[in-house]
Amino acid sequence: VGHCHPDIVKAAHEQNQLLNTNSRYLHDNLVDYAERLSKTLPEKLCIFYFLNSGSEANDLALRLARQYTKHEDVIVLDHAYHGHLTSLIDISPYKFRNLEGQKEWVHVAPVPDTYRGLYREDQEDSVTAYADEVKNIIENAHKRGRKIAAFFVESLPSVGGQIIPPAGYFQKVAGHVHKAGGVFIADEIQVGFGRVGKHFWAFQLQGEDFIPDIVTMGKPIGNGHPLACVATTKEIAEAFAATGVEYFNTFGGNPVSCAIGLAVLDVIEKEHLQAHATEVGNFLMKILKEQQIKHPIIGDVRGCGLFIGVDLIK
């Protein structure tokens, strides 16, 4: 919502003067913030875990998925990046290809890129073709006696090239993943919180009927303050709690972080930033498309709201 936004600075300062403690102590801000966040999400995503970074959120999502499904393997998209913890480097082809390589429990699916990918605009049904790639991965994994815990994906692959997956792709993939006993994790760390304009969450671009099992968020939600969150269903949370090993994060959900989180939501609402993202994004797309006509080097202009990619070609 902008560098040093006065409302955010004020919220942090005021809460700092009252109380900032670790989250062993209960505080209304945490409940208020969870309640506010829940209003932006589908009803079934009603359990919240607060953390300090997107990497922490994705690591916890992985733990939740594995505990719930009792499976280990993860399917990710090619070129994906999900964070800097060891567990996340392992599911980030963007990183692991330059490090220790692909682990046995990681499966890489092609990016659903209809411009530069495996199946393009001229493909009769690119949605089914890309979803079938995931289905094939699952079948091959089963043949080797492996079981899928999760399909882990950014709702709009960002590091992978600002890709807009074709509508319906997530629904089809989720069908295959659920059938295999896995869960669907939507990483909204870079693309959520109104950035796409017409929706608050990027996964909503896939359609009203699509709801992930776990959503992770970070980066913009604290406007530069370290704040992150995992939202999931009661069933998944209960399976996680059943281990008897509670999840605890010393500063995740502390009073100051939650005061800042609430202030960010207030500013987004008060300053109509979602509508602003749509308006500015549409304007930028329009002038980029005008440049595309003039310059053969611009192969593709794609985007939604303030998530925009320009593909330069030879």
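Residues numbered from 1 in each chain as written. Predicted model: local features only at pLDDT ≥ 70, side-chain atom pairs only at ≥ 80, totals over all residues. Heavy atoms only, no water.

### Concerning the nonpolar core
If you look at soluble globular proteins, the nonpolar side chains tend to sit buried side by side. Grouped together as the largest cluster of nonpolar side chains are 53 residues, with contacts concentrated most on Y33, F151, Y169, F193 and M217. Here the element with the most residues in this core is helix α9 (residues 255-270); it accounts for 9 residues. Counting residues in hydrophobic clusters, the runner-up holds 25 residues, among them A57, L88, I185 and A228. (Core = buried A, V, L, I, M, F, W, Y, C linked by side-chain atoms within 4.5 Å. Buried < 20%, exposed > 50% of the residue type's maximum accessible area, 1.4 Å probe, protein only. Helix = DSSP H or I, 4+ residues; strand = E, 2+ residues; numbered from the N terminus.)

### Some remarks on the sheet that holds strand β1 (residues 47-51)
Overall, mixed pairing links the 7 strands, which are arranged β1-β7-β6-β5-β4-β2-β3 in an open sheet. Two strands lie at the open edges of the sheet, namely β1 and β3 (106-109), each paired on one side alone. In this sheet, neighbouring strand axes are inclined to one another by 20 degrees on average, regardless of whether the strands run parallel or antiparallel. Note that strand β4 (residues 148-154) and strand β5 (residues 183-187) share 5 bridges and pair parallel. Bridged to F152 within β5 is I185. (Pairing = 2+ DSSP bridges. Axes fitted to C-alpha atoms, helices over the stretch in contact; angles between N-to-C directions.)

### Overview of the domain arrangement of the protein chain
In terms of domain boundaries, the protein chain breaks down into domain 1 (6-271) and domain 2 (272-313). Computed from C-alpha atoms alone, the centre-to-centre distance between domain 1 and domain 2 is 25 Å. Taken together, the 23 residues of domain 1 in the interface contact 18 residues of domain 2. For the pair domain 1 and domain 2, the two sides together bury roughly 1700 Å², of which 55% comes from carbon and sulfur. Taken as a group, Y115, Q162 and R195 account for 34% of the area that domain 1 buries against domain 2, more than any other trio of residues on that side. Counting across the domain 1 and domain 2 interface gives 1 salt bridge. (Domains from an automatic or database assignment. Contact = heavy atoms within 4.5 Å. Buried area = accessible area lost by both parts, 1.4 Å probe. Salt bridge = Lys/Arg side-chain N within 4 Å of Asp/Glu carboxyl O.)

### Some points on helix α6 (residues 126-143)
Across its 18 residues, α6 extends 26 Å between first and last C-alpha, which sits within 8% of the 26 Å expected from 1.5 Å per residue. Along α6, the residues that are buried comprise S126, V127, A129, Y130, A131, V134, I137, I138 and A141. Downstream of α6 by one or two residues, G145 has phi in the positive range, about 75 degrees. (Expected span 1.5 Å × (residues − 1).)

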